[in-house]
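Working through the structure, step by step
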Amino acid sequence: MLVIALICIALARPRLFSDRLILFGQKQPVVVAFLFDTSSSMGYRSGNVTRLEEAKARAKELLKELPTGSSIAILDSASRGGQFITDESEILKTLDRLRIRPGNQPLTTQISWAYSQFQSQERNATSGTDPPPRFLYVFSDRTRACWSSDDAFTLKQPKDTLSLFVDVGVEKPVDFAVMNVEVKPELLKPGRKSTITTTIRLTNASSENVLQPRIGKQRLSKEPINPESGEEQSFLIEQQARKSGEKADAGLDLGFYQGVMQLQAPDQLTFNDRAYFSFQVQLGKKVLTIAQDVGALGLWEPAIRLTGFAPTVLSVNEVGDLTADELSKYDVVTLFELKEPSAKLWSTLKPFVEKGGGLLIVPPEVRNREAYASNEASLLMPGELKQIVELKESAEWDWNRGNRKCPIVRQFYRWRQLPGIEFQSPDKTPLVTRYWQVTPSANQIQKPIPYPKTEHPVLLDRRVEKGRVVLLTVPMSNPEEESARWHRFWRSSFAIALIGESHRYLSGELTSPPMSFRCGAPIKVQLPSGPLSTSYTLYGPDFQSGKVLIPEKSSQTLVISDPLNPGNYQIDDRDKKQVAAFSVNVRP
């Protein structure tokens, strides 16, 4: 049933106030803006007619009632702006050109533009004459996605302007929707598993359906969808990456993988019957540890390997002639408890970090103050090692005063919410006995967590041009004598988790752009480290023959500004080697 109603704009959703208004019983020309919701939900079919087709038909009926000479704007919710015209044939052509556009935005954006145009016309009216009557018609199915409450509260309807809502929604729509597909992790390492979680939402559904997963050309086991199981249902699929030397059927090889979650039985709203996803199997990134005493590393190297990285260990005596070029093959370098790092080592590390490398500094028990406070060191150090603080009683980090948004510790806060996490048990709590008090430099990014009853940070983080430096405040060796230990991180998996999250952060894994995007959102694709290709080619639903992309100078991130339709996309370099993959989905 068609409803034309006055609307209260400044609400989370537009509220309708009356059933029918007849407006055009006059001969004086009017100014009318017809705003159409062209988001994907307007593709819902009822009687084999989409909601957008219904909206255009109703608009044409209203156009017949308009006085001759009226000024009309046909506005599309997917793009800001428009034009007021009086030519009837041109108005109809503009109306007929409207189509469903997946990359859309809330109606409130265009309402703001229409109001600004009405106000401009009022200011430009001839002195002594009243501006013509002004009307705003909004055609939509009134779904929540079409309306931004934040924008709505800032809208100011001009005086003598009438806003109306034409509700073309179906009273009781029936829909199976693939709401979301999430792959964790998107970067999968050999021997590890990724979990693909698909969320299905049922609206007024009474029949059954089937979810058909597919990766590449391979169809996976179907998942039955039963309305009796609830309005929202989740399905999990695991994918294993095989280790080097394992049989081919042990899992996925290195490379990019893309797939789709597809409903077997289409319904009246087809845009959400499928969702796309991408992930990659890649070797662990190379990391280097420079140690004062390789024998004191203990479980450090196995822990790095366990977290999926490829470690190399050198003693401080082996790095005398190490060059910046030799360091460039590593993503992260760790200075492990060096008592007296040389000025030459700091100078070699500086260009490595500036070009995007990660540096982790694990302090020693005893340090040469000048070596850590030299001019060369100060260009990289996030803070100064001042003095050792001995705690009267061992204590845990003060999680209650921590910065939950800090990338290095964000995952720890998630783990703390889960039952059964090993280092949550009383006998394995990661207590600290002593630590280095550090004075942050002016360049440090954030202090994630303090020690109890102080403002002393547990670690410091600093950006140096494209790279990052993290300074821990405790050594990470694990002496046999308990009295010599600064902490009990190694009693549980806490030490491994801290090593893993630090390396993931410094290598860029925690902050790298995702491989899944929403239509209309900015798309930033991470290119492989190393020399850039002079050009890249984008392939996908919109570019079957490819679209050439030119990277920004010295940037490993490729920005795609064109709005893309839903689907899977890949990027090749000039040698036709695939270097990236990503998926685009419509907002649910």
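Keep in mind that what you see is a predicted model, and the values were worked out from it rather than measured.

Reading the values: rules and limits
- Residues numbered from 1 in each chain as written.
- Predicted model: local features only at pLDDT ≥ 70, side-chain atom pairs only at ≥ 80, totals over all residues.
- Heavy atoms only, no water.
- 1 Å grid on protein atoms, 1.4 Å probe; cavity = no way out; pocket = protein on both sides within 12 Å on 5 of 7 lines; lining within 4 Å.
- Points joined across faces, edges and corners; volume = space filled by probe spheres on them.
- Helix = DSSP H or I, 4+ residues; strand = E, 2+ residues; numbered from the N terminus.
- Nonpolar A, V, L, I, M, F, W, Y, C, P; charged D, E, K, R; others polar.
- Pairing = 2+ DSSP bridges.
- Axes fitted to C-alpha atoms, helices over the stretch in contact; angles between N-to-C directions.
- Salt bridge = Lys/Arg side-chain N within 4 Å of Asp/Glu carboxyl O.
- Buried < 20%, exposed > 50% of the residue type's maximum accessible area, 1.4 Å probe, protein only.
- Polar contact = N/O pair within 3.5 Å; in protein donor to acceptor, adjacent residues only side chain to side chain.
- Parallel < 35°, antiparallel > 145°, perpendicular 65-115°, else oblique.
- Left-handed = near helix turned anticlockwise from the far one by under 90°.
- Contact = heavy atoms within 4.5 Å.
- Phe/Tyr/Trp six-rings, centres within 6.5 Å; stacked < 30°, edge-to-face > 60°.

Examining the layout of surface pockets
In this model, the second largest pocket occupies a volume close to 1000 Å³. Forming the boundary of the second largest pocket are 43 residues, of which Ser 41, Thr 143, Arg 201, Leu 269 and Phe 271 lie nearest the centre. Contributing elements (two or more residues each) for the lining of the second largest pocket: strand E10 (175–184), strand E12 (193–203) and strand E18 (274–281). In terms of residue count, E10 provides more of the lining of the second largest pocket than any other element does, four residues in total. Per-class residue counts for the lining of the second largest pocket are 18 nonpolar, eleven polar and 14 charged.

Points about unusual backbone geometry
Cis geometry marks the peptide bond from Lys 184 to Pro 185, where omega comes out at -10 degrees. Located in the positive-phi region is Asn 204, a residue other than glycine, with phi close to 55 degrees. Mapped onto the elements, Asn 204 comes out in the loop between E12 and strand E13 (209–215). Positioned with a positive phi, Glu 337 is a non-glycine residue whose angle comes to about 55 degrees.

Re the sheet that holds strand E34 (residues 578–585)
Spatially, five strands are ordered E28-E34-E33-E30-E31 in an open sheet, and the strand pairing comes out mixed. A strand with exactly one partner marks an edge of an open sheet, and here the two such strands are strand E28 (516–518) and strand E31 (543–549). Sheet twist, expressed as the average angle between the axes of neighbouring strands with direction ignored, equals 25 degrees. The sheet contact formed by E28 and E34 spans three bridges and is parallel. When the bridges of E34 are listed, Ser 516 appears paired with Ser 583.

Side note on empty space enclosed by the protein
Inspection of the entire model under this criterion finds one cavity of 30 Å³ or more. Computed from the structure, the largest cavity encloses a volume of approximately 50 Å³. In terms of lining, the largest cavity is formed by Glu 365, Pro 475, Ser 477, Asn 478, Pro 479, Ala 484, Arg 485, Trp 486 and His 487. Looking at the lining of the largest cavity residue by residue, the classes come out as four nonpolar, three polar and two charged.

Overview of the pattern of salt bridges
Counted under the stated rule, the structure contains 23 salt bridges. Across the salt bridge formed by Glu 182 and Lys 184, the nearest N and O atoms sit 3.8 Å from each other. Residue Lys 428 pairs with Glu 422 through a salt bridge whose shortest N-O separation is 3.4 Å. Several salt bridges share partner residues, and in doing so they unite Lys 189, Glu 501, Arg 504 and Glu 509 into one network.

A short note on the environment of Glu 465
As for its placement among the helices and strands, Glu 465 is situated in the loop between strand E26 (459–464) and strand E27 (467–472). The spacing of Glu 465 and Ala 73 is 392 residues in sequence and 49 Å in space, taken between C-alpha atoms.

Focus: the environment of Asp 150
Here Asp 150 shows up in helix H4 (residues 149–152). Of the residues examined, Asp 150 reaches a relative accessible area of 62% and is grouped as exposed.

Focus: the environment of Ser 507
Following the sequence through the fold, Ser 507 ends up in the loop between helix H11 (494–506) and E28. On the basis of relative accessible area, Ser 507 is assigned to the buried category, the value being 10%. Distance in space between the C-alpha atoms of Ser 507 and Glu 182 is 22 Å, their sequence separation being 325 residues. Polar contacts involving the side chain of Ser 507 include one to the main-chain carbonyl oxygen of His 503, which spans 2.8 Å. In this structure the side chain of Ser 507 is engaged in a polar contact, spanning 3.2 Å, whose partner is the backbone oxygen of Arg 504.

Description of the packing of helix H1 (residues 51–65) against helix H2 (residues 88–96)
Packed helices, taken two at a time, are described by the angle between their axes plus the distance between the axes. Where H1 meets H2, the axes come as close as 11 Å, and the angle between the chain directions of the two elements is 165 degrees. When the axis of H1 is compared with that of H2, the two are roughly antiparallel. Between H1 and H2 the crossing geometry is right-handed. From H1, Lys 56, Ala 59, Lys 60 and Leu 63 reach across to H2, where they touch Ile 91, Leu 92, Leu 95 and Asp 96.

Regarding the packing of aromatic side chains
Inspection of every chain in the model, using the stated rule, returns 24 aromatic pairs. Judged by centre distance (6.1 Å) and plane angle (35 degrees), the rings of Trp 399 and Phe 412 are tilted. Of the two residues, Trp 399 is situated in the loop between strand E23 (383–395) and helix H10 (407–416) and Phe 412 in helix H10; the sequence distance between them amounts to 13 residues. We classify Trp 399 as buried; its relative accessible area is 6%. Exposure remark for Phe 412: the relative accessible area of 1% places this residue in the buried category.

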